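Descriptive analysis of the structure
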Amino acid sequence: MALTSLYSLCGAGFALLQLLAPAMARPIARSTSSSTLVALQFANVLEQLESTFYAQALQKFNQSDFTAAGFASAQVPLQQFQAIFQDESTHTTTLQSAINALGGQTISNCTFNVDSLLTDVPTMVAAARLVENVGVSAYLGALTLISDTVLSTAAATIMTVEARHQTILNVLAGATAIPQAFDVALNPSEILALTGGLISGCNLGIPANVPLQVNGSGPIQAGAKLNFTSAALNGTIPVETLSCQFLAGGLPVAISQPLSNCSVPANVTGSMLVFVTNSSQPLANDIRDAATGTIVAGPTMIFIDNQPDALAIAARPGLNSTGISSGTPNATTSFAAPTTVTLTPAAPSTVVSATVTSTVTSASQTMAPTTVSNSWTAVTTTISPSEASSILASAVTSMSSR
């Protein structure tokens with residue numbers, strides 16, 4: 001009966017439970033390294049955090065709250081949040097079963113302090129965006145701790161779903177769906193610098209990096225000078241010896257600058273991780289080789305939303321036209337402590353114009369026996385935000401009637 005109910009779990013859990021079925025038939029679970037159990041336990045706590053967050057959000061907010069937050073139709077975000085909540089709940093249950101079958105114990109006595117993230121829908125959407133971006137980085141980092149290749153593959157099947165969540169949350173935040181071609185892996189201590197302030201009452205057995213928070217208000221743009229608050233920046237370390245380092249997907253190493261003159265790099269869209277280090281040597285974008293011993297505080301996560309997608313504008317046209325912010329006043333996100341949460345992602349750094357322009361490329365080819373020439377002409381079609389919203393609303397109505 002227990003085995004049948006476990007196999008009824010879907011998605012990523014199926015791969016995990018396929019592996020664990022033989023172990024569950026024996027009194028002693030299959031041999032598993034301590035790092036594998038730690039990784040699964042840590043992932044499970046993060047899944048519990050996500051499940052709690054989405055459950056409370058769906059309980060608190062109604063359709064009118066989402067409409068007031070600028071969405072073209074409340075069904076658009078509600079449908080996605082309900083689907084994400086179901087995914088996170090399944091992940092939680094599956095990981096708990098896997099940990100138990102491997103002879104470990106789940107960490108189930110944590111308290112998750114998410115009230116400050118649920119003050120209104122814009123703040124909740126911004127928080128969800130951060131949570132999903134952090135979740136992808138957490139699973140990428142956890143994969144390096146899982147020694148069993150079958151288990152690591154099964155965990156990767158959860159990570160790909162988290163990446164889908166990340167994409168849809170970027171859209172609901174009014175930003176770029178897929179801003180970068182790569183993501184960044186973080187180790188558990190770095191993840192706790194971002195989320196540890198939301199988790200209390202349990203011992204994770206993992207030391208957390210000192211949290212880092214960006215000061216100030218307003219959207220963060222390329223070239224903006226940043227300053228920080230952190231328990232580690234208490235004057236005991238001379239500021240002239242410290243550096244700020246920016247890490248984004250696709251960068252081989254972080255962009256290192258003096259902390260006293262820390263400016264947001266140009267030519268980056270989407271999330272960036274910011275560290276304070278006691279060395280100017282750039283951190284490698286490699287979880288194995290990064291000189292994590294130089295990290296004084298962080299990371300924190302900032303969002304540079306300078307290229308909002310037409311899809312995001314269509315889904316949430318009121319975000320810019322009515323002056324609604326997609327988060328609290330500034331564009332950084334920090335979960336340093338429950339009582340001092342500043343949640344600031346996602347306000348685009350430039351005002352979106354009154355039209356959305358889409359570009360379609362047509363090609364005519366002239367072929368000779370030994371040569372190929374291509375002539376390209378760009379064809380543009382301009383639609384208004386109201387037209388885009390109408391198209392989206394029609395699609396929602398069509399889906400609802402199926």
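Residues numbered from 1 in each chain as written. Predicted model: local features only at pLDDT ≥ 70, side-chain atom pairs only at ≥ 80, totals over all residues. Heavy atoms only, no water.

Focus: helix 5 (residues 75–101)
Since there are 3.6 residues in each turn of an α-helix, residues three or four apart along the chain are aligned in direction. The cut-off we apply is this: Numbering of helices and strands runs from the N terminus; a helix is a DSSP stretch of H or I covering at least four residues, while a strand is a stretch of E covering at least two. In a helix, the anticipated span is given by 1.5 Å times the number of residues less one.
Over its 27 residues, helix 5 extends 39 Å from the first C-alpha to the last, a length consistent with the 39 Å expected when each residue adds 1.5 Å. Immediately beyond the C-terminal end of helix 5, within one or two residues, lies glycine 103, with a positive phi of roughly 90°.

Regarding the confidence of the model for the chain
In plain terms, the rule: On a scale of 0 to 100, pLDDT captures the predictor's confidence in every residue. For this analysis, residues touch if any pair of their heavy atoms sits within 4.5 Å.
The predicted model of the chain has a mean per-residue pLDDT of 79, with 71% of residues at 70 or higher. Considering only residues more than four positions removed or in separate chains, one finds that residues 1–15, a stretch of pLDDT under 50, has 19 contacts. Segment residues 322–383: pLDDT under 50, and 153 contacts once partners within four positions in sequence are set aside and those in other chains are kept.

Details of the pattern of salt bridges
Cut-off, in case you're wondering: Each reported salt bridge corresponds to a side-chain nitrogen of Lys or Arg within 4 Å of a carboxyl oxygen of Asp or Glu. Burial status follows relative accessibility: with a 1.4 Å probe on protein chains alone, a residue under 20% of its type maximum counts as buried, one over 50% as exposed, and anything between as partly exposed.
Inspection of every chain in the model, using the stated rule, returns 2 salt bridges. A salt bridge links arginine 129 to aspartate 305; its shortest N-O distance comes to 2.9 Å. Here arginine 129 is found in helix 6 (residues 121–142), whereas its partner aspartate 305 is found in the loop between strand 8 (295–304) and helix 9 (310–315), with 176 residues between them in sequence. Take arginine 129: its relative accessible area is 1%, and that puts it in the buried class.

Brief notes about the state of the cysteines
Using the following cut-off: Any pair of cysteine sulfurs within 2.5 Å is marked as a disulfide.
Counted by the stated rule, this structure contains 2 disulfides. Cysteine 110 shares a disulfide with cysteine 202; S-S distance 2.0 Å. Between cysteine 110 and cysteine 202, the S-S dihedral sits near 100°, and the bridge is therefore right-handed. With cysteine 110 in the loop between helix 5 and strand 1 (111–112) and cysteine 202 in the loop between strand 2 (199–200) and strand 3 (213–214), the pair connects residues that are 92 residues apart, well separated along the chain. What makes cysteine 110 buried here is its relative accessible area of 12%. With its bonded cysteines labelled in order along the sequence, the chain shows the pairing 1-2, 3-4.

Considerations on empty space enclosed by the protein
Condition: In the cavity and pocket records, a cavity denotes points on a 1 Å grid over the protein atoms alone where a 1.4 Å probe fits but cannot get out, a pocket denotes an open set with protein on both sides within 12 Å along at least 5 of 7 lines, and lining residues are residues with an atom within 4 Å of a point. Grid points are joined across faces, edges and corners, and a volume is the space filled by probe spheres set on the points.
One pass over the structure, following the stated rule, counts 2 cavities of 30 Å³ or more. Computed from the structure, the largest cavity encloses a volume of approximately 100 Å³. Lining the largest cavity are 13 residues, with Leu46, Glu50, Val131, Val134 and Gly135 positioned closest to its centre. When contributions to the lining of the largest cavity are tallied by element, the ones reaching two or more residues are helix 3 (34–60) and helix 6. Top element by residues in the lining of the largest cavity is helix 6. It accounts for 6 residues.

Remarks on the nonpolar core
Test applied: Among buried residues, the Ala, Val, Leu, Ile, Met, Phe, Trp, Tyr and Cys ones that are joined through side-chain atoms within 4.5 Å form a nonpolar core.
Core analysis: the largest hydrophobic core is formed by 55 residues, its most contacted members being Phe53, Phe66, Phe81, Met124 and Val125. When contributions to this core are tallied by element, the ones reaching two or more residues are helix 3, helix 5, helix 6, helix 7 (149–172), helix 8 (188–195), strand 7 (270–277), strand 8 and helix 9. Looking at this core, the element that brings in the most residues is helix 6, giving 8 residues.

Quick look at the packing of aromatic side chains
Just so we agree on the cut-off: Note on aromatic contacts: the rings of Phe and Tyr and the six-membered ring of Trp form a pair at centre separations within 6.5 Å, being stacked when their planes are under 30 degrees apart, edge-to-face when over 60 apart, and tilted otherwise.
In total, this model carries 5 aromatic pairs according to the counting rule given. Arranged with centres 6.0 Å apart and planes meeting at 40°, the rings of tyrosine 54 and phenylalanine 81 form a pair that is tilted. In this pair, tyrosine 54 sits in helix 3 while phenylalanine 81 sits in helix 5, placing the two residues 27 residues apart along the sequence. Grouping residues by exposure puts tyrosine 54 and phenylalanine 81 together as buried. A connected cluster of aromatic rings, assembled from ring pairs, spans Phe53, Tyr54, Phe61, Phe66, Phe71 and Phe81.

Here's the deal with the packing of helix 5 against helix 7
For the record, the criterion: Whenever a helix is involved, its axis is fitted only over the stretch in contact; in every case the axis is a line through C-alpha atoms, and angles between N-to-C directions fall within 0 to 180 degrees. Note on terminology: angles under 35 degrees are roughly parallel, angles over 145 are roughly antiparallel, angles of 65 to 115 are roughly perpendicular, and the others are oblique. The handedness criterion is simple: a crossing whose near helix is rotated anticlockwise from the far helix by less than a right angle is left-handed, and one whose near helix is rotated clockwise is right-handed. Under the scheme applied here, ten amino acids are nonpolar (Ala, Val, Leu, Ile, Met, Phe, Trp, Tyr, Cys and Pro), four are charged (Asp, Glu, Lys and Arg), and all others, including Gly, are polar.
At their nearest, the axes of helix 5 and helix 7 sit 11 Å apart, and the two run at 155° to each other. Classified by the angle their axes make, helix 5 and helix 7 are roughly antiparallel. As for the relative orientation of helix 5 and helix 7, their crossing is left-handed in sense. In this structure, helix 5 contributes Val76, Pro77, Gln80, Phe81, Ile84, Asp87, Glu88, His91 and Leu95 to the contact, and helix 7 contributes Ile158, Val161, Glu162, His165, Ile168, Leu169 and Leu172. Among the residues forming the contact of helix 5 with helix 7, the class breakdown is 10 nonpolar, 3 polar and 3 charged.

Some details on the packing of helix 3 against helix 7
Each pair of packed helices can be summarised by the angle the axes make with each other and by the distance between the axes. Running from N to C, helix 3 and helix 7 cross one another at 30°; their axes reach a closest spacing of 13 Å. Of the possible angle classes, the one that applies to helix 3 and helix 7 is roughly parallel. The hand of the helix 3/helix 7 crossing is left-handed. Residue-level inspection shows Thr36, Leu40, Glu47, Glu50 and Tyr54 of helix 3 in contact with helix 7, the latter providing Leu151, Ile158, Glu162 and Leu169. When its residues are assigned to classes, the contact of helix 3 with helix 7 shows 5 nonpolar, 1 polar and 3 charged.

Brief notes about the layout of surface pockets
The computed volume of the largest pocket comes to approximately 260 Å³. Around the largest pocket, the lining is made up of 23 residues, and of these Asn133, Gln166, Gln180, Phe182 and Asp183 lie nearest the centre. The set of elements that each furnish at least two residues to the lining of the largest pocket consists of helix 6, helix 7, strand 7 and strand 8. By residue number, the principal contributor to the lining of the largest pocket is strand 7, which donates 4 residues. Looking at the lining of the largest pocket residue by residue, the classes come out as 12 nonpolar, 9 polar and 2 charged.

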